[in-house]
Amino acid sequence: MSLDAGSGDLPATGGGGNGAVPGGDPSRPPAPSVAAPVAVATVAMTSQQRLRLNPNNDHKPDSYDDLQLDFSPAIFSSLERYLPPSMLGVSRDDKVKFMREILLKYLPHGERNRAQRHREYRQKIISNYQPLHRDIYSMHPSAFFVPTFLKAINESTEESFRNIMSEPSPGVFTFEMFQPRFCELLLSEVENFEDWVNEVRFRIMRPNTMNKYGAVLDDFGLETMLDKLLEGFVRPISKVFFPEVGGSTLDSHHGFVVEYGKDRDVDLGFHVDDSEVTLNVCLGKQFSGGELFFRGTRCDKHVNTGTHSEEIFDFSHVPGRAVLHRGRHRHGARATTSGHRINLLLWCRSSIFREMKKYQKDFSSWCGECSREKKERQQQSVVSTRSH
């Protein structure tokens, strides 16, 4: 039996670079590539319609769940709080039109055609694939998460989060997240999906431009569950620890698993993610090696600059344990020397932040190099003033 995947693997566009970056001295890293999703490219917006710089928190946005839209309904609800005051009182249809014109700046006509083909590709999979563990396709917090994580989420304060987390390097947070049983079920579901793919000879899209193995979880029905994971569990934490990169307005995601080991990917080159915030959770299995190495957060302008000693950090994966960091935090994965390692990745994005970033020139609140340059200018100003 064979299913034609239609357009097949869609070529990667956008982001910077494609594939792993050759090794070198981590203190003077090679140009990081952007691990971008295969199907959709990110294109800078050029809209002349300006949104509010800060959201109108008193405004209750409309629900868009009943509409057939180019983007997730959650994006429209989130974006509505940033509409200019003159737009808040107009009809829902007019708001949709206004916001859609802005959002479509991300996706030119050619990319919209790609997106449509991808929707058709995804529907073909969902219509034919039979899930093995249907329970994981809906969010069941008490069955998915360890009690300490759930308690912290329910309290949703910086103190409650820090009680379960460690921050071994600035901007890198680690914590126990998933129960072993959930990891086992998700691994089993991924294996079942891959068996189905091989049986029907269906050509699937891989997670991104750098990983040749793994699967996009959204493509075979887990999108709704991952939406809940983002909205109810990642966004509350990101709102506290990553507000400067849109942590409070995360409204879309790209969810996938990657596989390392024999006959799989071995390592992952130095890169940045196509996300504002990245959640990375090891699911198993038995393995050695595969450490993550971090080398500082950078904006587009400074992505290729050198690493300072205080930015160097290595992390060893433990099944069930999560790592949360900015997408622009440069990182890579060392070789998995034995066994088989599978990780769940959730790239969390904010359409609001991506629009606002267009009008910003100072990223010193999160870019290590911008921060250093700003401090140098301040010091020079003080010296100059004293000299005068």
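Check the entry above for the structure.
Here the structure is a predicted model, which is why all the values come from computation and not from measurement. (Residues numbered from 1 in each chain as written. Predicted model: local features only at pLDDT ≥ 70, side-chain atom pairs only at ≥ 80, totals over all residues. Heavy atoms only, no water.)

Novice: Sorry if this is basic, but what is going on with the packing of helix 6 (residues 147–155) against helix 9 (residues 223–241) here?
Specialist: Packed helices, taken two at a time, are described by the angle their axes make and the gap between the axes. Closest axis-to-axis distance for the helix 6/helix 9 pair is 10 Å, and the angle between their directions is 65 degrees. Classified by the interaxial angle, the pair formed by helix 6 and helix 9 is roughly perpendicular. The handedness of the crossing between helix 6 and helix 9 is left-handed. For the pair formed by helix 6 and helix 9, the contact residues are F149, L150 and I153 on the first element and G232, F233 and I237 on the second. Here the contact of helix 6 with helix 9 is composed, by residue class, of 5 nonpolar, 1 polar and no charged. (Axes fitted to C-alpha atoms, helices over the stretch in contact; angles between N-to-C directions. Helix = DSSP H or I, 4+ residues; strand = E, 2+ residues; numbered from the N terminus. Parallel < 35°, antiparallel > 145°, perpendicular 65-115°, else oblique. Left-handed = near helix turned anticlockwise from the far one by under 90°. Contact = heavy atoms within 4.5 Å. Nonpolar A, V, L, I, M, F, W, Y, C, P; charged D, E, K, R; others polar.)

Novice: Please explain the pairing of strand 7 (residues 277–284) as it appears in this structure.
Specialist: Along a regular strand, successive side chains alternate from one face of the sheet to the other. Most of strand 7 sits inside the fold, with 8 of its 8 residues counted as buried. As judged from the 5 bridges shared by strand 7 and strand 11 (residues 321–326), these two strands associate in the antiparallel manner. Within strand 11, the residue paired with N280 across the bridge is V323. (Buried < 20%, exposed > 50% of the residue type's maximum accessible area, 1.4 Å probe, protein only. Pairing = 2+ DSSP bridges.)

Novice: Can you help me understand the packing of aromatic side chains in this one?
Specialist: For any two aromatic rings, the description comes down to two numbers: the centre-to-centre distance and the angle of the planes. Counting across every chain of the model gives 23 aromatic pairs. Residues F144 and F182 carry aromatic rings whose centres are separated by 4.3 Å and whose planes lie at 35 degrees to one another, so their mutual orientation is tilted. Here F182 lies in helix 8 (residues 180–200) and F144 lies in helix 5 (residues 141–144), a separation of 38 residues in the sequence. Its relative accessible area of 2% is what places F182 among the buried residues. (Phe/Tyr/Trp six-rings, centres within 6.5 Å; stacked < 30°, edge-to-face > 60°.)

Novice: Before we go on, may I ask you to explain the packing of helix 1 (residues 73–80) against helix 3 (residues 92–103) in this structure?
Specialist: Packing of helix 1 against helix 3 leaves a shortest axis separation of 11 Å and a crossing angle of 100 degrees. Judged on the interaxial angle alone, helix 3 and helix 1 are roughly perpendicular. Each of I75, F76, L79 and E80 in helix 1 lies in contact with helix 3, whose residues at this interface are K95, V96, M99, R100 and L103. Looking at the contact of helix 1 with helix 3, its residues break down into 6 nonpolar, no polar and 3 charged.

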